[in-house]
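# Summary of structural features
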Amino acid sequence: MNQDADKILEVKNLQTHFFTDEGTSKAVNGISFSLNKGETLGIVGESGSGKSITSLSLLRLIPSPPGKIAGGSILFKGEDLLTKSEKQMRSIRGNEISMIFQEPMTSLNPVYSAGEQIAEAIRLHQKLGKKEAWDKAVDMLRLVGIPSPEKRAKQEPHELSGGMRQRVMIAMALACHPEVLIADEPTTALDVTIQAQILELIKTLQKDFGTAVILITHDLGVVYETCDRVAVMYAGKIVEYTLAKEIFTNPKHPYTIGLLNSLPRLDMDQEELTTIPGTVPSPYNMPKGCSFAPRCPHAKGICEQAVPDLQAIGPSTEVSCWMFTPQWEKAYDAQEKVGI
Amino acid sequence: MFVFIIRRVLQTIPVLLGVSLVVFLIMQMVPGDPATLLAGEGATKETIESLRHELGLDRPILYQYVDYVLHAVQGDFGESLRSSRPVLDEIMVRLPITLELALASIFITVVLGMIAGIISATKQYSAADISIMIVALLGISLPSFWLGLMLIYFFSVNLHLFPVSGWGTFSHMILPAITLGAGGAAIVARMTRSSMLEVVRQDYIRTARAKGLKEYIIIYKHGLKNALIPVITVVGLQFGALLGGTVLTESVFAINGLGRLIVDAIRTRDLPMVQGGVLIASVIFVFMNLAVDVLYRYFNKRIDLN
Amino acid sequence: MKPEVVINNTELNVKERKSPKLRHWKAFYKKFKRNKLALVGGYIVLFYILLAIFAPLISPQDPYEIDLVNKLQPPSAEHLMGTDDKGRDILSRLLYGTRLSLTVGFVSVFFGAFIGILLGLAAGYYGKWIDTVIMRIVDVLLAFPGILLALAIISALGPSLINVMVAVGVFSIPMFARIVRGSTLSVRKLEYIDAIRALGATDFTIICKHIFPNILSPVIVQATLRLATAILSAAGLSFLGLGAQPPSPEWGAMLSSGRDYLFSAPHIALFPGIAISTLVLGFNIFGDGLRDALDPRMKK
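Rules used in this analysis
- Residue indices begin from 1 for each chain and proceed along its sequence in written order.
- Here the convention is simple: chains get letters from A, ligands get numbers from 1, in the order in which they are written.
- Where local features are concerned, this predicted model is filtered to residues with pLDDT of at least 70; where side-chain atom pairs are given and counted, the filter is 80 or more; whole-chain, interface and lining totals use all residues.
- Excluded from the side-chain calculation are hydrogens and water; included are all heavy atoms of the structure.
- UniProt positions are given in the numbering used here, feature names are shortened, and annotations may be inferred rather than shown by experiment.
- Only DSSP runs of H or I reaching four residues or more are called helices, and only runs of E reaching two or more are called strands; each is numbered from the N terminus.
- Burial classification: accessible surface area is computed with a 1.4 Å probe over protein chains only, and a residue below 20% of its type maximum counts as buried, one above 50% as exposed, and the rest as partly exposed.
- Here, two residues are considered to be in contact whenever any of their heavy atoms come within 4.5 Å of each other.
- Accessible surface is estimated by sampling points in the Shrake-Rupley manner with a 1.4 Å probe; for residues, cover comes only from the protein chains shown.
- For this count, His and the chain ends are skipped, Lys and Arg are scored as positive, and Asp and Glu as negative.
- For charged residues, the charge sits on one atom: NZ in Lys, CZ in Arg, CG in Asp, CD in Glu.
- When two parts are brought into contact, each loses some accessible area as probed by a 1.4 Å sphere; the total of that loss over both is the buried area.
- Salt bridge criterion: a side-chain nitrogen from Lys or Arg within 4 Å of a carboxyl oxygen from Asp or Glu.
- N or O atoms within 3.5 Å of each other form a polar contact, as long as, within protein, one can give a hydrogen and the other can take it, and as long as residues adjacent in sequence are counted only when both atoms are side-chain atoms.
- Only the contacting stretch of a helix is used when fitting its axis, a line to C-alpha atoms as for every element, and angles between N-to-C directions run 0 to 180 degrees.
- Orientation is classified from the angle alone, with under 35 degrees giving roughly parallel, over 145 giving roughly antiparallel, 65 to 115 giving roughly perpendicular, and any other angle giving oblique.
- When the near helix sits turned anticlockwise from the far one by under a right angle, the crossing is termed left-handed; a clockwise turn instead gives a right-handed crossing.
- Following the grouping adopted for this structure description, the nonpolar residues are Ala, Val, Leu, Ile, Met, Phe, Trp, Tyr, Cys and Pro, the charged ones are Asp, Glu, Lys and Arg, and the polar ones are all others, Gly among them.

As named in an unreviewed UniProt entry, chain B is Nickel import system permease protein NikB, taken from Peribacillus castrilensis. Annotation of chain B in UniProt includes, under Subunit (unreviewed entry), the sentence "The complex is composed of two ATP-binding proteins (NikD and NikE), two transmembrane proteins (NikB and NikC) and a solute-binding protein (NikA)." The annotation that UniProt attaches to chain B under Sequence similarities (unreviewed entry) is "Belongs to the binding-protein-dependent transport system permease family. OppBC subfamily."

Following this line, the structure appears as structure tokens:
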């Protein structure tokens, strides 16, 4: 993780807050991660963990108001995106960094043809004429495996199936050969068989184009299949940051372990699936200490009082948990404290 | 689509029959006997009786209704009690004027309403938005007949810019069209605004942003077209309110249209005329609604699917 | 015996539900209070209601007293809004007219809402052919453009303020029927209604205790907005000479008499128009605010 030259994107202490009537929600609360050229980073978490907000923050697409990037930096090829003008950002969006979304059904504009929506991005960023852009859009549709692309390009989204629409979204996102592709739950809304096809497509195209991918998902299985490294998010923070393979064989954080235990696995003889007790804390009312402490089977007094830092515990693993700190042995038990 | 149109046209038949039945029944509620009224004062009992028979009033009410509908379908709405001319003839003289007024007003409703709504939505919470929304609130609250009188007072009586009343030239049309169209424009503006605000929250707008498009292209290319689809329905409904509103506007500006014909007919108790006028105005509205439905369906087919 | 059981039941229920219900209304009040504009609407309506109640006490003059010597007087210290074509004090007439407009508004909307709710409940609850028949009737009533239906009714019944109430009331029926039917259908589909029925509840108790509370907020919102329309329509009909008859101080009728003096005494037409507009505006923004606070889904 130290080959700095290969780093295309580096996020440092990113904070995205939402200011609403109910109070301030720290949806993304100081996260840091990096992305190397051509690799795939998975960001895993339950809904409400801040993973989608993270992805939108990278392109500065947070609806404002009520949202606002409150701090940190997003270094893309060494330059901080947070200091760029809106105009500079526009030339990056869809061009150098592009994004595909969870809902292929609603993410395409219903009143324009698929080809037009792809060609629009090409015209914008590559300054091509109408005809050339259209031809390139058709090429892209062929590339993402849509049969008879000339015909499909002229069709409107309502004439396409869900899987087909997600292919259109991918074609649109990759049309300008971006260096980073952010895929926000690209397969969640699709049928299982289509899911596998779409993931395979992303993987193939990633190799062909050399694109680095950030894959946002709640599905650990998808991470195992596609990612090199993974960041597990909980309540706006990264709790574990490690290699994708590592997380299955040697998970560290109690939350990651909980997630894995709630996953049906074919390679193990499971008696029953376990669930993590309790619920994600309200973003308006975060616990003082570790945000997972109220649900953690190992929590001690220290967990409720202070937030643990994300720190390296191995060559490629970082965890934010008091259990992996020297303080752990000295800490007294939460239950005991309550008992007194 | 073709099937939809056929089905929708067939659906209007019971509605039209219902409308004619309501109009017919309302006229049955009128106290007094039309034959006595028609025969005039001092008519003998025999004259009235024979007139009743002639008019078919001695037959069962259902028979009378069927008879009424069969005649109406052929364009026979009876004769005016006052002028003794066929009702349809009188209406056809007045109808073009009312339609002209209605079209001019719908133009104001649509153009003014949409422009104001778009400005409001794109500049949400700005001074322009707030003033447009306040004016729109006033627009739906002002009685059109009062607005008409005040416009006459300022622009015709004081400034002599437009004629006080009458119909015929373009300048005759302006004040009545504003009077009649203002309320609708206010409603369309409110609708356009909320529809635009709804649309800019949609996923495909986020997609457009992620593409790196400029904000005004996002709004006008990706937002507007979608936002205007629900507005079509409102415009259709406004056409009905507008058609009814001609009654008041024509009265204020002394325009000899269908609305004024109906009001005068009510005053002189010329029942066949009221019946015919209300029925024809309703039939126009029913067909207008049909057109709007088909149009809406055409634009909405893409959205309705999810 | 039976009623006793029912009474006990409701008492129990009230006790049980008190706290969530209270919280519900508190949340509504909080939301509503934040909407400053809606609050202004509420105050306008309240102001007019007070004017109507105390009209005899605060009217400077007799609204019917003819004084031909002082006719068509512009506003002055003696007549704050001037006098009309018969020398009557316009301010006093407007104050008394408030009573008429509010009465016409409330009575007609109550009438329309009552019948509309019954039709909507029947259509939504019983469904099948009852629904079909009722909704076809509603379609027919909605096929009349604007106030033409009211006009037709008045042409049959004859011009009078009472008939205006009937006509405007009928004009309101289809809106209420549609809204109530929609809400009834959505509650009707819920599983707990079937459970209650299985426990032996009659249609009547289900409708009164479970469906009616759910349709209440959309009905209140619709009624408030409808009051604005009703007052406008009634004034319009009187303006055409089909409603209140002279010497009634009805606002629309006053406006109508002012049109002949637009050149020499514009104030006769000016003030009744302002009165109608502000009252209607009050109901409109009050209704908008209620809708936003009670039922955000209806926001359109």
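### Observations regarding the overall build of chain C
A tally of helices and strands in chain C yields 11 helices and zero strands. With the C-alpha coordinates aligned to their principal axes, the bounding extent of chain C is approximately 75 × 40 × 40 Å. Taken over 300 residues, chain C has a buried fraction of 51%. In chain C, once contacts between residues fewer than 6 apart in sequence are set aside, the share between residues at least 24 apart is 72%. Here chain C has roughly 14,500 Å² of accessible surface; of this, 67% comes from carbon and sulfur atoms. Distance from the positive charge centre (31 side chains) to the negative charge centre (20 side chains) of chain C: 12 Å.

### Here's the deal with the overall build of chain B
When its secondary structure is counted, chain B shows 12 helices and zero strands. For chain B, the N- to C-terminal ordering of α and β elements is α-α-α-α-α-α-α-α-α-α-α-α. Its C-alpha atoms give chain B principal-axis dimensions of roughly 85 × 55 × 30 Å. Per-residue burial for chain B yields a buried fraction of 50% across its 306 residues. Across chain B, every contact between residues at least 6 apart in sequence was considered, and the portion connecting residues at least 24 apart equals 73%. Only carbon and sulfur atoms are counted for the fraction: they give 67% of the accessible area of chain B, which is about 14,400 Å².

### Examining the interface of chain C and chain B
In this complex, chain C contributes 41 residues to the contact, which on the side of chain B involves 45 residues. The contact between chain C and chain B buries some 3,700 Å² in all, and 79% of this surface belongs to carbon and sulfur atoms. Seen at the junction of chain C and chain B, the total is one salt bridge. The salt bridge partner of Asp-288 of chain C is Arg-190 of chain B, with a shortest N-O separation of 2.7 Å. Our enumeration of links across chain C and chain B arrives at seven residue pairs in polar contact (both at pLDDT 80 or more).

### Quick look at the interface of chain A and chain B
By a widespread convention, an interface's size corresponds to the accessible area lost as its parts come together. Residue-level contacts link 29 residues of chain A with 21 residues of chain B. The three residues of chain A that bury the most area against chain B are Val-111, Glu-120 and His-158 of chain A, which together make up 24% of that side's buried surface. Counting the contacts that link chain A with chain B gives three salt bridges. Close ionic contact of Glu-120 of chain A with Lys-211 of chain B constitutes a salt bridge, the shortest N to O distance being 2.7 Å.

### Considering the packing of helix 5 (residues 128-142) of chain C against helix 7 (residues 161-188) of chain C
Describing two packed helices takes the angle between their axes plus the distance from one axis to the other. Residue and element names in this part refer to chain C. Orientation of helix 5 relative to helix 7, taken along the N-to-C sense of each, is 140°, at an axis distance of 9 Å. In terms of axis orientation, helix 5 runs oblique to helix 7. Seen from above, helix 5 lies across helix 7 with left-handed handedness. Residues Asp-131, Met-135, Val-138, Asp-139, Leu-141 and Leu-142 of helix 5 pack against Pro-174, Met-175, Ala-177, Arg-178 and Arg-181 of helix 7. For the contact of helix 5 with helix 7, the residue count by class is seven nonpolar, no polar and four charged.

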